[in-house]
Amino acid sequence: MPVIPSAATRFHGVKLSPTSEKPPRAAHKTSAAARPAPDPSLTLRPHHHHRRSLTHRAPLLNPRKNRRPRSTSRPQKAKPRLRLPKPAAKRSESEFLRSRPLALLMASSHIILPPDDDDEEQRRLEEEEDEDPWARSGPPPAAPEHAVKAALPFSATCVRISRDSYPNLRALRNASSVSLADAAYVKISEGDFGYVLDDVPHLVDHLPDAPTYPNPLQDHPAYSTVKQYFVNEDDTVPQKVVVQKNSRRGVHFRRAGPRQKVYFESDEVKACIVTCGGLCPGLNTVIRELVCGLAHMYNVSKIYGIQNGYKGFYSSNYLTLTPKSVDDIHKRGGTVLGTSRGGHDTKKIVDNIQDRGINQVYIIGGDGTQKGAYEIFKEIRKRGLKVSVAGIPKTIDNDIAIIDKSFGFDTAVEEAQRAIDSAHVEAFSAENGIGLVKLMGRYSGFIAMYATLASRDVDCCLIPESPFYMDGEGGLLQYVERRLKENKHMVIVVAEGAGQDLIAKSLSTSEQQDASGNKLLLDIGLWLTHKIKDHFKSKKIEMTIKYIDPTYMIRAIPSNASDNVYCTLLAHSAIHGAMAGYSFTVGNVNGRHAYIPFYRVTSTRNKVKITDRMWARLLSSTNQPSFLSQKDIDEAKENDRTANKPPLPTGLSHHVANSFDQSASSSSNSQI
Ligand SMILES: Nc1ncnc2c1ncn2[C@@H]1O[C@H](COP(=O)(O)OP(=O)(O)OP(=O)(O)O)[C@@H](O)[C@H]1O
Ligand SMILES: O=P(O)(O)OC[C@H]1O[C@](O)(CO)[C@@H](O)[C@@H]1O
Ligand SMILES: [Mg+2]
């Protein structure tokens, strides 16, 4: 374990030891501009151990040419997943081509076929494909109890979803509607009763001969008493848990957790961690637990911090992280690594990953960051590198699709209470007092909604998902007037993304964007304050309004206790997945940690559904008008119907498509 020397640099208030190395001169063509600039303040000490490790050129893991030297602890060969296509004689070439998913044809090195008898089965199923008995006549009649029991064990019946699951041929056929590059990474398998596995990519998809090793956790004293520590390879987590008797089993994700076999030896691992996008409570906890988890569970000692977001991959030296150097960082807000927006240059980033021999990349960030992680993963796959990419979703707005909740959200809602309490005290203590609080939420009003529901002092909550208007019958100004008459004071909570159309209409400003291309928002809090003041002035009614904007104070604090635990578990799940060779975004799905494909978390955004009971609860708790016309409600219902449905390859069997439809439909988990 590297020990922090006294000369260690202080960075973002934390003691960290930067490596003194620049990346080795690459044999391949990283441009000079892409090289990290030497930073004198970060080259304080020679660090021989790491110099040696960093100058070691990343093995370009073309399975045929550059195979890793075999380790002393005998690697176990992975179960072969590749099968050669059947002899041409059995089918004509065009038949063969038609029967292969486009994705598999493109990457001939990983054509993955079911066993011969499955091929027969496959053809039979294809013939039956247009004859979905459920589509014709509804769900099958209830089977006798013993038959249902026999059908349910996943591994017994879902023969095509083996431990090393592979893309389903039918599922990906004619994958022409998604981009070629993306179709290659969609791994969908089918099982019985409408079961679908939306799987994540694995190293063996492109490195079929990658050796496996026993998981070092099995010798770990802390885990020796655990009854079943390793998760079953076949375990999956359903996207939708509210079902009826005859529902399809629906879409599932691979369950997160430690596997019996891993694809990296401990001393082979070189992990790096990066944080991108805006701040969020818990970032430092995730960093800490990644470092400590890698070191303590898997005996990994080469762990590096990338400074200031994606651009740090190619413009800064990497920091050496040890359990000691990150020991107390979870008690601080922000990120000790620094963060930024913009600067994602996939090629330069992967050049540097390759040059420095990094083989596990942990990427903490929001929706934009996960899109960036997906691009990095695709480039890594293109180059045939043995690198796992693990995304850990971070966003205070809670707008990442699929997952139950993002870390830091609870802390943010809790901290928002203090601002709302102050607003309430100010409003209550004045004659006709209004307290107005602006909370974060660019496109999704979760913080505002939950903070309002938690507080009970709020009279009106405005969020981006629910349009509102100011003037006339049923408008906001009329409601404020009425409320003051009734109560003599009121509290308004507004999410920063609410009412942007109204401001844009009244102030003719041109749209601006941040470095990542996100729209820069106009200050709805300030605008509302003026509008309300002007309204009462024109009516000659005395009133006082106090505008509180705690947005950055809320996201800059350390995470609370429950978020700390959540961050720890997320970090551990990410480590287990990366060690097991998967690339994914990790998240809680219905209370279980799962590995979610990048394309799923990046293709839609989690939003407050104003057609759900939760929003109705809010309306009934504040007594505010909904501000919605029938047209707005119809539109919202239509949006909800397709809200969580990802863009899928065309040519999916309607069994699979139906399962996705059902799992995406709104009357599910989001309602409590
Ligand atoms: N489509 C994309 N492809 C590749 N990289 C992207 C993409 N969108 C964003 N990024 C990169 O991801 C990083 C973070 O993006 P962004 O600033 O949008 O924050 P975020 O991750 O969405 O977090 P949050 O919005 O919660 O603060 C930036 O460095 C940006 O360049
Ligand atoms: O000022 P910054 O750092 O760009 O961040 C602001 C944005 O970041 C977030 O906190 C997360 O996306 C948004 O709620 C907010 O609009
Ligand atoms: Mg974002």
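Residues numbered from 1 in each chain as written. Chains lettered and ligands numbered in written order. Predicted model: local features only at pLDDT ≥ 70, side-chain atom pairs only at ≥ 80, totals over all residues. Heavy atoms only, no water.

Caption draft 1: Looking closely at the site of ligand 1. The immediate surroundings of ligand 1 are formed by 18 residues, with Gly278, Gly342, Asp367, Thr369 and Ser516 found nearest. Gly342 has a polar backbone atom sitting 2.6 Å from an oxygen atom of ligand 1. Here an oxygen atom of ligand 1 and a side-chain polar atom of Asn518 are 2.9 Å apart. Across the complex, the protein chains shield 83% of the 630 Å² of accessible surface that ligand 1 would expose by itself. (Near = heavy atom within 4 Å. Polar contact = N/O pair within 3.5 Å; in protein donor to acceptor, adjacent residues only side chain to side chain. Areas by Shrake-Rupley, 256 points an atom, 1.4 Å probe, with all protein chains shown as cover.)

Caption draft 2: Focus on the site of ligand 2. As a structural note, the neighbourhood of ligand 2 is formed by Arg341, Ile396, Asp397, Met440, Gly441, Arg442, Glu496, Tyr552 and Arg555. Measuring from an oxygen atom of ligand 2, one finds a side-chain N or O atom of Arg341 at 2.9 Å. If you count residues domain by domain, the shell around ligand 2 takes at least three from each of domain 2 (216-405 + 560-604) and domain 3 (409-557 + 612-638). (Domains from an automatic or database assignment.)

Caption draft 3: Spatial organisation of the nonpolar core. Within the largest apolar cluster, 82 residues are counted, with the highest numbers of intra-cluster contacts made by Ile273, Leu290, Tyr362, Ile392 and Phe407. Looking at this core, the element that brings in the most residues is helix α10 (residues 283-298), giving nine residues. Of all hydrophobic cores here, the second largest spans 44 residues; its members include Val274, Phe313, Ile353 and Val389. (Core = buried A, V, L, I, M, F, W, Y, C linked by side-chain atoms within 4.5 Å. Buried < 20%, exposed > 50% of the residue type's maximum accessible area, 1.4 Å probe, protein only. Helix = DSSP H or I, 4+ residues; strand = E, 2+ residues; numbered from the N terminus.)

Caption draft 4: Molecular detail of the packing of helix α15 (residues 446-455) against helix α22 (residues 613-622). At a minimum axis distance of 10 Å, the contact between α15 and α22 shows a crossing angle of 50°. Considered as vectors, α15 and α22 are oriented oblique to each other. Considering the relative orientation of α15 and α22, their crossing is left-handed. Residue-level contacts link Met449, Tyr450, Thr452 and Leu453 of α15 to Met614, Trp615, Arg617, Leu618, Ser621 and Thr622 of α22. The class makeup of the residues in the contact of α15 with α22 is six nonpolar, three polar and one charged. (Axes fitted to C-alpha atoms, helices over the stretch in contact; angles between N-to-C directions. Parallel < 35°, antiparallel > 145°, perpendicular 65-115°, else oblique. Left-handed = near helix turned anticlockwise from the far one by under 90°. Contact = heavy atoms within 4.5 Å. Nonpolar A, V, L, I, M, F, W, Y, C, P; charged D, E, K, R; others polar.)

Caption draft 5: Geometry of the UniProt feature "binding site: ATP" (unreviewed entry) in the chain. Mapped onto the present numbering, the UniProt feature "binding site: ATP" (unreviewed entry) falls on Gly278, Arg341, Gly342, Gly366, Asp367, Gly368 and Thr369. Across 92 residues of sequence, these annotated residues stay compact in space, with a maximum C-alpha separation of 13.0 Å. Here the residues from the annotation list that line the second largest pocket are Gly278, Arg341, Gly342, Gly366, Asp367, Gly368 and Thr369. Its place among the elements puts Gly366 in the loop between β13 (360-365) and α13 (367-383). Note on Gly366: relative accessible area 8%, which makes it buried. Discounting chain neighbours no more than four positions away, the residues touching Gly366 are Cys276, Lys394, Thr395 and Ile400. Its location among the elements puts Gly368 in helix α13. (UniProt positions renumbered as here; feature names shortened; annotations may be inferred. 1 Å grid on protein atoms, 1.4 Å probe; cavity = no way out; pocket = protein on both sides within 12 Å on 5 of 7 lines; lining within 4 Å.)

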